[in-house]
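Read off the chains here:
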Amino acid sequence: MTEVESIRPLAAVLVSAVATFLIVASYRRPNVREAWTVLAAFGKFGIVASMIPGVLDGTVYVTRMGTLVPGVELALRADPLGMLFAVLASLLWIFTSFYSIGYMRGLDEHGQTRYFASFAASLTATMGIAFAENVLVLFVFYELLTVATYPLVAHDETAEARAAGRKYLAYTFGGGVAVLAGAVLVFWMTGTTAFEPGGIAGITDDTGMASVAFVLLAGGFAVKAAVMPVHSWLPDAMVAPTPVSGLLHAVAVVKSGAFGVSRTIIDVFGPAGVSELGLGVVLASFAAATFILASLIALKKDHLKQRLAYSTAAQLSYIVMGVALLVPHGLIGGLLHIPAHAFMKLTLFMCAGAIHVETHTDHISKMAGIGKRMPLTMTAFAVAAFGMAGLPLLVGFVSKWYLMIGAFEANLAIFAVALVVSGVLNIAYFWPVIYQAFFESEDEHDAKPVVDADLGGYWGTKEEHYTPEGATEAEKLADGGHTQEEDDHDDHGHHEHHEGPPEGGWERAGWRGGETTWFMLFPILTIVSGAVFLGILPGTFFLEVIQMVVELATGTEVSR
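So, here is what we can say about the structure in this document. Just so we're clear, the structure is a prediction, and the values are computed from it rather than from any experiment. (Residues numbered from 1 in each chain as written. Predicted model: local features only at pLDDT ≥ 70, side-chain atom pairs only at ≥ 80, totals over all residues. Heavy atoms only, no water.)

What follows covers the overall build of the protein. What the protein contains, in helices and strands, is 23 helices and three strands. For the protein, the residues scored as buried account for 61% of the 560 residues in total. For the protein, restricting intrachain contacts to residue pairs at least 6 apart in sequence, the fraction spanning at least 24 positions comes to 79%. Element-wise, carbon and sulfur atoms account for 64% of the exposed surface of the protein, whose accessible area totals about 19,600 Å². (Helix = DSSP H or I, 4+ residues; strand = E, 2+ residues; numbered from the N terminus. Buried < 20%, exposed > 50% of the residue type's maximum accessible area, 1.4 Å probe, protein only. Contact = heavy atoms within 4.5 Å. Areas by Shrake-Rupley, 256 points an atom, 1.4 Å probe, with all protein chains shown as cover.)

In structure tokens, the structure reads:
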């Protein structure tokens, strides 16, 4: 790799930072405010995309800005792994920007200037995470991302939203403290925190201290990756507007956690160093337990965003497990699941948001026959759900294929079995949504057993706030549910609504896009098309740059 001094990594970070101030300054002119959002999104992606040819040819673009603390440089570095995250985040921000305009206007949401400004600030921090040259710079942007996304989580300003925001801060700042402690240990042991493909030289000379540093770094990043048992902030954060849920689950926050774990394994300790410490299997085991248990919990959730939240906790752990296998195919599968999950999960959340805006329906048990009201939206949902389950011709199949090969390559077939079980559970919790939408009518339908089954104990945790219809107010409160007054508000606490079909049934929308505004429908259809394209033709930039990362980290040539 050849390093080249360039302003472009810094410019990619600053574009959305400048847009944050322009958005705030344009608070009285919504069209101008939203134009700044879209222009910044295109500008950021254009700057990042301009570095793709050079990175693929072995060039690393570096912006040096002085010293952060003695011995640690304040620098940004666009290397192959950073470009993977940066291209993904900047590309999907374009579509999320258009979708946000349709969503926020469709619900006539309050605080839209704060929302768009916080969104831009979040992408600034995300790009800083992608291009951080060392662990300490990564930590700074990691914490800035928490600060920038807090107003989005607490956007509704209800008691529930504020509680979710406080929990989000407590968990993610706690994870950040662990990352900082790990960074200090790495510097103390090696005299540097700069990322180095294959690991920092001498990092494992003191195996005891190295093990502590690895646990701190991987554990701190695992908080935002929602690895159990530090996952519960994520379902609670679903009180946020749906585009924020998409940001949290598909583009920035949880991906920054998975990205941090990947950086720790690939560029701080190296796969060989983690193997020497014997901690790869431990981390992979936590990840496998997470994607099984989170999938089981998802089976119980009737609220669509809650089900998607636990699905995210499960899917992010595929990434963690893959890189923790420490073998080339496992690393490829884990890293490839970063874009794979992003395209599929962002589609699912956007579909959930469109359903909410157009029908005020959030619960799966109220969606019988909704496929005729929103055929394109629900078709996109079905395609993305099948991709999450790993069906062929979709990008989720490609990443899981590599993960399966990686499990056998590492002589850990138990993880391949766990992947199969998880795939079955994916089908089990997504199929009721699709079946309700397309194969049942609003007049005659049965509640789905996987929704109503009493799994008991841990599976019925407080994240599911809703009790059956017909329960008295006292019964609802005793069960930890909502009162009727609370149930008469949407998930933002502002608009009264009635869930489910109107009197007379769903209106048939047809297949020409009349089901919702094109501000929302165009991003949904484009992103789900990306999931299909990457499944049929996986050999795109993402796979090529991932193979470069793996070759640099392992010293093993990967067939292309």
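Along the polypeptide, Thr 193 turns up in the loop between α7 (159–190) and α8 (207–224). Discounting residues that sit within four places of it in the chain, Thr 193 has contacts with Val 72, Asn 134, Val 135, Leu 136, Ala 183, Val 186, Phe 187 and Ile 200.

A word on the nonpolar core. With 187 residues, the main nonpolar core has Met 83, Phe 131, Phe 269, Leu 335 and Phe 381 as its most contacted residues. No other element matches helix α14 (residues 328–359), which puts 18 residues into this core. Residues in contact with Phe 269, not counting those within four places in the same chain, are Gly 198, Gly 199, Ile 203, Ala 210, Ala 213, Phe 214, Leu 217, Thr 264, Val 274 and Leu 277. (Core = buried A, V, L, I, M, F, W, Y, C linked by side-chain atoms within 4.5 Å.)

Turning to the packing of α7 against α8, a few remarks are in order. Helix packing for two helices is described by the angle between their axes and how far apart those axes are. At a minimum axis distance of 8 Å, the contact between α7 and α8 shows a crossing angle of 155°. Judged by the angle between their axes, α7 and α8 are roughly antiparallel. Taken as a pair, α7 and α8 cross one another with a handedness that is left-handed. A breakdown of the residues in the contact of α7 with α8 according to their chemical character gives 18 nonpolar, four polar and one charged. (Axes fitted to C-alpha atoms, helices over the stretch in contact; angles between N-to-C directions. Parallel < 35°, antiparallel > 145°, perpendicular 65-115°, else oblique. Left-handed = near helix turned anticlockwise from the far one by under 90°. Nonpolar A, V, L, I, M, F, W, Y, C, P; charged D, E, K, R; others polar.)

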